[in-house]
Amino acid sequence: MSEDTPISVTMEKDGEVAVIIVNNPPVNALSWHVRQGLEDNFGAALADDSVKAIVLRCAGATFIAGADISEFGKPPRGPDFNAVLGSIEAASKPVVAAIHGTALGGGLETALVCHYRIAVPSAKLGVPEVKLGLLPGAGGTQRLPRVVGVEAAATMTSTGDPLPAAKAKELGLVDELAGEDSLAADAIAFARAKIADGPRPTREREVFGDVGVIEQLKARNAKRWRGFEAPYANLACVEAATRLPFDEGLAFEREQFMKLMFGSQSAAQRHIFFAERQAAKIDGLPKDTALRDVKKVGVIGAGTMGGGISMNFLQKGIPVTIVEMAEDALDRGVGVIRKNYDASAAKGRFKPEQVDQMMGILTPSLSLDDLADCDLIIEAVYENMDVKKDIFGKLDKIAKPGAILASNTSYLDVDEIATATNRPGDVLGMHFFSPANVMKLLEVVRGEKTAPDALATAMAIGKKIGKVAVVAGVCDGFIGNRMLKPRQMEAMKLLLEGATPAQVDKVHVEFGMPMGPFQMSDLAGVDIGWHRDPNRIESIRDALAAEGRWGQKKQAGFYDYDDKRNPSESPRVAEIIEEFRAKAGVEKREITDQEVIERTLYPMVNEGALILSEGKAQRASDIDVVWIYGYGWPVYRGGPMFWAGLEGTDKIVAALEKHGFEIAPLLKEKAEAKSGF
Ligand code: T1G
């Protein structure tokens, strides 16, 4: 053990039981010095004849939460993980893993080489590697089928979802449940009891269960796993465990693991793992900035957005007063919230008494005055600057000192809205995405005068209600919608020049997006933002809207829809495009799929570079988080800015120049340096 090795593993003895304790905050990741400490302390315990059994447990909030992801891609240090695990499994004395918090990834693999596992009821056990584009590369895919069977092993590895301790006990992954507050003592007693039974190497146990489940999982998740490599690699390893001897299975797993580890998908998904955590941090804000208390929330507008926003807070037990102008609109809004909760309860997400409880802390109101005691007020009325300024002017007189006044506007100028008050420091944007109770993204818009603690509070409350909150600056469309605009505009131009809605959408779906620009317009509504004058036809969109082709809700938009909302290419739309092409004097030509990529995705990167240079986003990875959680950008491509690095910023600039785009200076800089963002 060299000088610079942090002491993150220690050992203490309780009679003939040695207790090895990992202490590597915040999540006891298997950093090199932890692996070194495990090797050293297990060596010592096994060499000590007075030791008859060993307990492995962790200090702090959780058991080992996996390999240290921040070490990936760096030169290896410390002992090889598989070698350390092999020596624990081969121990001549029974080894018990004592689990609290989360035993995840390499952490569960460590517990799996222990001969027995005891856990507190609140513990969670899982192998989430697939969410990082990886697989459990330290024997997890070979040992799990020997402990929980093929079905559970295939499900755990391919979905990455953790199991609660009780379920793990049911499956045999956990041998004993400890008292919630007595794990250390219960584990020692359990280990003492196992001295007689001796070691139970997992590798020597038989694989059991029906391998047929693997094909069923693939069929059931085909849509969800579209474009992903890791779920299939995980299942291939579990399948291999059913037919190969342990060491050959381990070698197969290693090979699959290395392929994923050095592939672009895992690099992208690991990028997003850290990007999501980074997004929560506000640059330059002292870590200990005091947050404002948010115990009661007000929502103005009981429409789709207002209702969805309210549900987020009710689900966290935070009382909401929801205000509408008219009784019928209020009743309708509250009714929709109830209906949504009942629907979720029917799917088992909530118990009926929980629904009553949530509806019980929702106060419908027809008066803004009822918001006087709210700590946070979110305005979610239709997009009109005068209406919003009128509301904020009234709130300025009603709301208590220190209340945060937020607008859910998706593009209007938050600084302009703040001028309607004498407390611009308390004003910011909280831009939810529809459906607001489902979509994880929250753009928190920092106004010029927004106070640091107001911003920090909005970010923290965003995390509390289960959102991924990202700081955005005031500009048209903030981060997400601002980058969406050039994509939509180019998509429209491509129609004029010869592409069809189906071709453009196919390219985006094959790229990994849930849908393309035109399917998205039809879902959101072709009439959104339309000037409502059927005689003013200045774009293909105007022509569709004028004919009532407002999208899925009208069974006609850029596509025709049957009554099951299945889209089909529309001869009428082709006619409209043809008419426009003739009017504009545009010659129809062949459009390649590559050109669609170059003219719809590359401009987003360009716009992202402008957003960064203007400081409207704190960092490039925030932009990636916005597109992953707000617009369905495929996580295995890491978001537009990360993807630009994979695609090649120089290649992007060359193509944008070819298509006559003005290049953002920051993007040009990256291209010259042949670097990513
Ligand atoms: N490695 C390095 N850092 C990690 C980490 C990890 N495994 N897990 C968390 N962190 C950092 C995180 O970046 C953050 O840092 C801080 O810890 C708190 O995390 C061989 C290959 C455990 C459920 O995928 O799911 O094992 O932002 O904010 O909300 O087969 O962290 O404060 O600077 O998320 O309480 C498999 C990943 C790895 C689990 C806790 N394991 N972690 O959630 O805290 S691959 C995982 C989590 C592997 C082997 C393979 C969560 C958590 P900072 P946090 P949290």
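Residues numbered from 1 in each chain as written. Predicted model: local features only at pLDDT ≥ 70, side-chain atom pairs only at ≥ 80, totals over all residues. Heavy atoms only, no water.

The protein chain is annotated in an unreviewed UniProt entry as 3-hydroxyacyl-CoA dehydrogenase of Sphingopyxis italica. UniProt, in the comment section headed Subcellular location (unreviewed entry), describes the protein chain in these words: "Peroxisome". Under the heading Catalytic activity (unreviewed entry), UniProt records this for the protein chain: "a (3S)-3-hydroxyacyl-CoA + NAD(+) = a 3-oxoacyl-CoA + NADH + H(+)". (UniProt positions renumbered as here; feature names shortened; annotations may be inferred.)

On to the overall build of the protein chain, then. Along its length, the protein chain carries 28 helices and 19 strands. Taking 26 Å as the expected radius of gyration for a compact globule of 677 residues, we find that the protein chain reaches 28 Å, a close match to that expectation. Dimensions of the protein chain, computed from the C-alpha atoms along their principal axes, are close to 90 × 60 × 50 Å. When burial is assessed residue by residue, the protein chain has 54% of its 677 residues classed as buried. Of all intrachain contacts in the protein chain linking residues separated by at least 6 positions in sequence, the fraction that spans at least 24 positions is 72%. In the form shown here, the protein chain has an accessible surface area of approximately 28300 Å², with 54% of it arising from carbon and sulfur atoms. Of the charged side chains in the protein chain, 80 are positive and 94 negative; the average position of the first set lies 1 Å away from that of the second. (Helix = DSSP H or I, 4+ residues; strand = E, 2+ residues; numbered from the N terminus. Rg over C-alpha atoms; globule rule 2.2 N^0.38 Å. Buried < 20%, exposed > 50% of the residue type's maximum accessible area, 1.4 Å probe, protein only. Contact = heavy atoms within 4.5 Å. Areas by Shrake-Rupley, 256 points an atom, 1.4 Å probe, with all protein chains shown as cover. Lys, Arg positive; Asp, Glu negative; His and termini not counted. Charge placed at Lys NZ, Arg CZ, Asp CG, Glu CD.)

This part is about the sheet that holds strand E3 (residues 53-58). Read from one edge to the other, the open sheet built from six strands follows the order E1-E2-E3-E4-E6-E9, with strand pairing classed as mixed. Sheet topology places strand E1 (9-14) and strand E9 (176-177) at the edges, where each strand pairs with a single neighbour. Where E1 meets strand E2 (residues 17-22), six bridges bridge the pair, whose relative direction is antiparallel. Note on E2: the bridge partner recorded for methionine 11 is isoleucine 20. (Pairing = 2+ DSSP bridges.)

With that settled, consider the UniProt feature "domain: 3-hydroxyacyl-CoA dehydrogenase NAD binding" (unreviewed entry) in the protein chain. With numbering aligned to this structure, UniProt lists the feature "domain: 3-hydroxyacyl-CoA dehydrogenase NAD binding" (unreviewed entry) at residues 296-472. Across residues 296-472, the secondary structure splits into 41% helix and 21% strand, with the terminal C-alpha atoms separated by 25 Å.

Around the ligand, the structure places 25 residues, and the nearest of them are Ala67, Glu109, Glu129, Arg277 and Lys281. A distance of 2.9 Å separates a nitrogen atom of the ligand from a polar atom in the backbone of alanine 65. Contact distances for the ligand include 2.6 Å between an oxygen atom and a side-chain N or O atom of arginine 277. Protein burial of the ligand: of its 1000 Å² of free accessible surface, 72% is covered by the chains. Of all the secondary-structure elements, those providing two or more residues to the shell around the ligand are strand E5 (102-104), helix H3 (106-113) and helix H11 (264-279). (Near = heavy atom within 4 Å. Polar contact = N/O pair within 3.5 Å; in protein donor to acceptor, adjacent residues only side chain to side chain.)

Turning next to the nonpolar core. Among the nonpolar cores identified, the biggest contains 85 residues, and Ile479, Ile623, Trp627, Trp633 and Leu667 are the most heavily contacted of them. The greatest single-element share of this core, amounting to eight residues, is contributed by helix H25 (residues 620-631). The contact partners of tryptophan 627, leaving out residues within four places of it in the chain, are Gly480, Met483, Leu484, Arg487, Met513, Met604, Gly632, Trp633 and Pro640. (Core = buried A, V, L, I, M, F, W, Y, C linked by side-chain atoms within 4.5 Å.)

Moving on: helix H23 (residues 593-600). Counting buried residues along H23, six of its eight residues qualify, which places the element largely inside the surrounding structure. Inspection of H23 places Glu595, Val596, Ile597, Glu598, Arg599 and Thr600 among the buried residues, and these make up the whole buried set. Summarising the contacts, the buried residues of H23 are in contact with helix H18 (480-497), helix H19 (501-511), helix H24 (602-613), helix H26 (640-647) and helix H27 (649-658).

Bringing the pattern of salt bridges into the picture now. Considering all chains together, one arrives at 49 salt bridges under this definition. Put simply, arginine 35 and glutamate 71 hold a salt bridge, and the shortest N to O gap is 3.2 Å. With arginine 35 in helix H1 (residues 32-47) and glutamate 71 in the loop between E3 and helix H2 (81-89), the pair connects residues that are 36 residues apart, well separated along the chain. Overall, the relative accessible area of 11% leaves arginine 35 in the buried class. (Salt bridge = Lys/Arg side-chain N within 4 Å of Asp/Glu carboxyl O.)

The subject of this paragraph is the packing of helix H5 (residues 149-159) against helix H8 (residues 213-220). Relative to each other, H5 and H8 sit at 35°, their axes nearing to 9 Å. The crossing of H5 and H8 is right-handed. For the pair H5 and H8, the contacting residues are Val150, Glu151, Ala154, Thr155 and Ser158 in the first and Val213, Ile214 and Leu217 in the second. (Axes fitted to C-alpha atoms, helices over the stretch in contact; angles between N-to-C directions. Left-handed = near helix turned anticlockwise from the far one by under 90°.)

Bringing the packing of aromatic side chains into the picture now. In the structure shown here, the tally under the stated rule is 15 aromatic pairs. Centroid distance tryptophan 633 to tryptophan 643: 5.6 Å. Interplanar angle 65°. Geometry classified as edge-to-face. You can see tryptophan 633 sitting in the loop between H25 and H26 and its partner tryptophan 643 sitting in helix H26, a full 10 residues away along the chain. We note that tryptophan 633, like tryptophan 643, is buried. Three or more aromatic residues joined by ring pairs make a cluster, and in this case those are Phe433, Phe511, Tyr602, Trp627, Tyr631, Trp633 and Trp643. Taking NZ or CZ as reference, arginine 77 lies 3.7 Å from the ring centre of tryptophan 32, over its face. Across the ring face of phenylalanine 580, the terminal group of lysine 583 is positioned such that the distance to the ring centre comes to 4.4 Å. (Phe/Tyr/Trp six-rings, centres within 6.5 Å; stacked < 30°, edge-to-face > 60°. Lys NZ or Arg CZ within 6 Å of the ring centre and 35° of its normal.)

With that settled, consider the domain arrangement of the protein chain. Many descriptions give the size of an interface as the accessible area lost when the pieces come together. According to the domain assignment, the protein chain consists of domain 1 (9-262), domain 2 (297-474), domain 3 (499-584) and domain 4 (593-673). Computed from C-alpha coordinates alone, the two centres of domain 3 and domain 4 are separated by 26 Å. Each side of the interface is counted separately: domain 3 has 11 residues, and domain 4 has 13 residues. Summing the contributions of domain 3 and of domain 4, the shared interface buries around 1000 Å²; its carbon and sulfur component is 70%. Of all residues in domain 3, the largest losses of buried area upon contact with domain 4 belong to Val507, Phe511 and Met513, amounting jointly to 56% of the total for that side. A salt bridge links lysine 506 to aspartate 593; the nearest nitrogen and oxygen atoms lie 2.9 Å apart. Inspection of the region where domain 3 meets domain 4 yields four residue pairs in polar contact (both at pLDDT 80 or more). Ranked by the residues each element gives to the side of domain 3 that touches domain 4, the list is headed by H19, at seven residues. Grouping the constituent residues of the side of domain 3 that touches domain 4 by class yields six nonpolar, three polar and two charged. (Domains from an automatic or database assignment. Buried area = accessible area lost by both parts, 1.4 Å probe. Nonpolar A, V, L, I, M, F, W, Y, C, P; charged D, E, K, R; others polar.)

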